[in-house]
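If you want the building blocks of each chain, they are given just below.
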Amino acid sequence: MNKKFKTGLLLAVLALVFAVTGCGSQEKAAPKVLKVGTDAAFAPFEFQDESTKEYVGFDIDLAKALGKQMGYEVQIQNMNFDGIIPGIESGNIDIAATGMTITAERSQKVNFSKPYYKSGLAVVVKADNATIKGFGDLEGKKIAVQIGTTGASEAKKIKNAQVREFNSSAEAFMELKAGGADAVVNDLPVNEYYIVKTGAKDAKIVGDVVSAEEYGIAIGKKNTELTEKINKALDELKKNGEYEKLYLKWFGKKPPQA
Ligand code: GLN
């Protein structure tokens, strides 16, 4: 073996070792795909466009914008709301963009980004209901909620209420319409969208917003690097006007000043 050949061989072997073990001067490449879990029955945050069958909504646009900002390809996965946190814990999905309220209980299982939307719970009844004027009138009533939500846990605190849980808020609204429930306790912007956009003339929102809530992007508990990246990307989207553009598109108004 001549010297040149030996050196070449050595370099080739070294290159192979570095490639296999992944050590080298370069940073480990970020995964290209960001798997985003969402419960696509929560308009205007996430729902399926009936004609194109695509998932659309404020959260979907926001997730895509965040992905783009961070250099990831976003893959949307539709799943039931109560399967979302387990999905993050098992690594089936990387993050969730699903109108998820930041709570202390959930924060034990997942990381949350900075809040990206101010929300709250409100009561929906049939348009001709004259007795339920707000949350205070729900004692002993039949209440339809979405399983695993903050609306469900608030409803369960009401004395003698018969709480019926559904997989989606759309199904809870259907139960109200069908007369199987006296009220729905659900997120205000979703209630508003349901009444205005679907032309549900037979339903109305009563009383004040029950609790002030904020939505955050949920991320794996151990994934602090991704949490930081998302927070940074969120700040950037707020600075460059993209966040405001999406907010205007879906809510018809500018975001409230923080
Ligand atoms: N914001 C509510 C919660 O986090 C409802 C979310 C949802 O149904 N997508 O519980």
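Cut-offs applied
- Residues numbered from 1 in each chain as written.
- Predicted model: local features only at pLDDT ≥ 70, side-chain atom pairs only at ≥ 80, totals over all residues.
- Heavy atoms only, no water.
- Phe/Tyr/Trp six-rings, centres within 6.5 Å; stacked < 30°, edge-to-face > 60°.
- Helix = DSSP H or I, 4+ residues; strand = E, 2+ residues; numbered from the N terminus.
- Buried < 20%, exposed > 50% of the residue type's maximum accessible area, 1.4 Å probe, protein only.
- Lys NZ or Arg CZ within 6 Å of the ring centre and 35° of its normal.
- Pairing = 2+ DSSP bridges.
- Near = heavy atom within 4 Å.
- Polar contact = N/O pair within 3.5 Å; in protein donor to acceptor, adjacent residues only side chain to side chain.
- Areas by Shrake-Rupley, 256 points an atom, 1.4 Å probe, with all protein chains shown as cover.
- Nonpolar A, V, L, I, M, F, W, Y, C, P; charged D, E, K, R; others polar.
- Expected span 1.5 Å × (residues − 1).

J.: Account for the packing of aromatic side chains, with residues named and values stated.
T.: Using the criterion set out here, one finds 19 aromatic pairs in the structure. Where Phe 58 meets Tyr 247, the ring centres are 5.9 Å apart and the plane angle is 80°; that geometry is what we call edge-to-face. Of the two residues, Phe 58 sits in helix 2 (residues 58-70) while Tyr 247 sits in helix 9 (residues 242-251), which places them 189 residues apart along the sequence. The pair formed by Phe 58 and Tyr 247 is uniform in burial state, with each residue classed as buried. Both rings, one in Phe 173 and one in Tyr 194, keep their centres 3.9 Å apart while their planes meet at 0°; by these two values the pair is stacked. Placement of Phe 173 in helix 6 (residues 169-177) and of Tyr 194 in helix 7 (residues 188-197) is noted, with a sequence separation of 21 residues between them. Owing to a relative accessible area of 16%, Tyr 194 belongs among the buried residues under this scheme. Taken together, the aromatic side chains of Phe 42, Phe 45, Phe 58, Tyr 116, Tyr 117, Tyr 215, Tyr 243, Tyr 247 and Phe 251 make up a single cluster linked through ring pairs. The ring of Tyr 243 has Lys 238 sitting right over it, with the charged end atom 5.0 Å from the ring centre.

J.: Tell me what's going on with the sheet that holds strand 4 (residues 55-56), and back it up with residues and numbers.
T.: Taken together, the three strands give an open sheet; going across it, the order is 2-3-4, and neighbouring strands pair in antiparallel fashion. The open sheet has two edge strands, strand 2 (41-42) and strand 4, and neither has a second partner. Pairing geometry for strand 2 and strand 3 (residues 46-48), over two bridges, is antiparallel. When the bridges of strand 3 are listed, Phe 42 appears paired with Glu 46.

J.: Describe the site of the ligand, and please don't skip the residues or the numbers.
T.: With respect to spatial proximity, the complete set of residues near the ligand consists of Phe 42, Phe 81, Thr 98, Gly 99, Met 100, Thr 101, Arg 106, Gln 146, Thr 149, Thr 150, Asp 187 and Tyr 215. Side-chain polar atom of Arg 106 to an oxygen atom of the ligand: 2.7 Å apart, as the coordinates give it. In the environment of the ligand, a nitrogen atom lies 2.6 Å from a nitrogen or oxygen atom belonging to the side chain of Asp 187. Taking 300 Å² as the accessible area of the ligand by itself, protein coverage stands at 100%. Residue composition of the shell around the ligand, by class: four nonpolar, six polar and two charged.

J.: Can you tell me about helix 2, naming the residues and giving the values?
T.: The first and last C-alpha atoms of helix 2 sit 18 Å apart over 13 residues, in line with the 18 Å expected at 1.5 Å per residue. Burial within helix 2 is extensive, with 10 of its 13 residues counted as buried. Buried residues of helix 2: Phe 58, Asp 59, Ile 60, Asp 61, Leu 62, Ala 63, Ala 65, Leu 66, Gly 67 and Met 70, and no others. At the exit of helix 2 stands Gly 71, carrying a positive phi of roughly 80°.

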